[in-house]
Amino acid sequence: SQKIEQNSEALNIQEGKTATLTCNYTNYSPAYLQWYRQDPGRGPVFLLLIRENEKEKRKERLKVTFDTTLKQSLFHITASQPADSATYLCALANTNAGKSTFGDGTTLTVKP
Amino acid sequence: GAVVSQHPSWVICKSGTSVKIECRSLDFQATTMFWYRQFPKQSLMLMATSNEGSKATYEQGVEKDKFLINHASLTLSTLTVTSAHPEDSSFYICSARQGGTGELFFGEGSRLTVL
């Protein structure tokens, strides 16, 4: 069966360090992978999308890598700040117009 | 980015009543919208795909007569929880895509509490 696993339920790091979150998947051939941020009691907010033929994407302090051989995506936040504390969700979609399936999320806490 | 508005943000109702939640794309047209349910500390569970002008596509295990979805225009989809029971209490979220770019834009979510 198809499965999306985000490496840990919670991640605690010190301000200024780089946070690295992992998203592994099985039995998928995704057209693209997305990362979202969700704050408590709010809807998710889109961060980055990376397609199957792309290896890496960056946006300001965020970087996403996508390894279709390992079936893994890594999400990095450099120079982390307490304001980065939130739950981060990865999602896979098999087609451009298809539905996305979400992982359970990793809750990141950045301590000052 | 595109804006999706969801209303109401929270609602409390008595068991047996029906509740309607609206999802609007404010600055773009969305032929497809998605409805999710989220339990505490869990991920988004896709309930159904809402298609403008046609019937919604429900995920396995989701009762279509219980969760009525209507997508009457290119900017509005509604989810009606019929004959609500306490086990229907949850956080309901909608999303939409702008064009064919892939990313989803989410509403703020609606917290439903059934007494």
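Our subject is the structure that appears above.
Residues numbered from 1 in each chain as written. Chains lettered and ligands numbered in written order. Predicted model: local features only at pLDDT ≥ 70, side-chain atom pairs only at ≥ 80, totals over all residues. Heavy atoms only, no water.

*Asks:* Mind showing me how you'd approach the state of the cysteines here?
*Replies:* Linking two cysteines covalently through their sulfur atoms gives a disulfide. Taken as a whole and assessed by the stated rule, the structure comprises two disulfides over all chains. With its sulfur 2.0 Å from that of its partner, A:Cys23 forms a disulfide with A:Cys90. Of note, the bridge from A:Cys23 to A:Cys90 carries an S-S torsion of about 60° and is right-handed in sense. With A:Cys23 in strand S3 (residues 19-26) and A:Cys90 in strand S9 (residues 86-93), this residue pair connects regions lying 67 residues apart in the sequence. Just as A:Cys23 is buried, A:Cys90 falls in that class too. Across a sulfur-sulfur distance of 2.0 Å, B:Cys23 and B:Cys94 are joined as a disulfide pair. A torsion of 80° about the S-S bond marks the disulfide between B:Cys23 and B:Cys94 as right-handed. In this pair, B:Cys23 sits in strand S3 (residues 19-25) while B:Cys94 sits in strand S9 (residues 90-97), placing the two residues 71 residues apart along the sequence. Neither B:Cys23 nor B:Cys94 differs from the other in exposure class; each is buried. With no disulfide partner, B:Cys13 has as its closest neighbouring cysteine sulfur the one in B:Cys94, 18 Å distant. (Disulfide = S-S within 2.5 Å. Helix = DSSP H or I, 4+ residues; strand = E, 2+ residues; numbered from the N terminus. Buried < 20%, exposed > 50% of the residue type's maximum accessible area, 1.4 Å probe, protein only.)

*Asks:* Mind showing me how you'd approach the interface of chain B and chain A here?
*Replies:* Reports often express the size of an interface as the amount of accessible area lost when the parts come together. In this assembly, 18 residues from chain B lie in contact with 21 residues from chain A. Roughly 1500 Å² is buried in total at the junction of chain B and chain A, and carbon and sulfur atoms are behind 50% of that figure. For the chain B face of the interface with chain A, the top three residues by lost area are B:Ser43, B:Arg97 and B:Glu108, together amounting to 28%. Between the two partners, chain B and chain A, sit eight residue pairs in polar contact (both at pLDDT 80 or more). The set of elements that each furnish at least two residues to the side of chain B that touches chain A consists of strand S4 (32-38), strand S5 (44-51), S9 and strand S10 (104-106) of chain B. For the side of chain B that touches chain A, the residue count by class is eight nonpolar, six polar and four charged. (Contact = heavy atoms within 4.5 Å. Buried area = accessible area lost by both parts, 1.4 Å probe. Polar contact = N/O pair within 3.5 Å; in protein donor to acceptor, adjacent residues only side chain to side chain. Nonpolar A, V, L, I, M, F, W, Y, C, P; charged D, E, K, R; others polar.)

*Asks:* Just checking my understanding: could you explain the pairing of strand S6 (residues 56-59) of chain A for this structure?
*Replies:* Along any regular strand the residues' side chains alternate between the sheet's two faces. All names here are of chain A. Alignment of S6 against strand S7 (residues 62-67), held across four bridges, turns out to be antiparallel. For Arg58, the partnering residue across the bridge sits in S7 and is Lys63. The hairpin turn running from S6 into S7, its antiparallel successor, is two residues long, and Glu60 in that turn takes a positive phi close to 55°. (Pairing = 2+ DSSP bridges.)

*Asks:* I'm lost on the pattern of salt bridges in this one. Help?
*Replies:* In this structure the tally under the stated criterion is eight salt bridges over all chains. Where A:Asp39 meets A:Arg37, a salt bridge forms, and the shortest distance between an N and an O atom there is 3.1 Å. A:Asp39 sits in the partly exposed class, given a relative accessible area of 28%. A salt bridge links B:Glu108 to A:Arg42, with the nearest nitrogen and oxygen atoms 2.5 Å apart. Taken together, the positions of B:Glu108 in the loop between S10 and strand S11 (110-114) and A:Arg42 in the loop between strand S4 (32-38) and strand S5 (45-51) put the pair across two chains. (Salt bridge = Lys/Arg side-chain N within 4 Å of Asp/Glu carboxyl O.)

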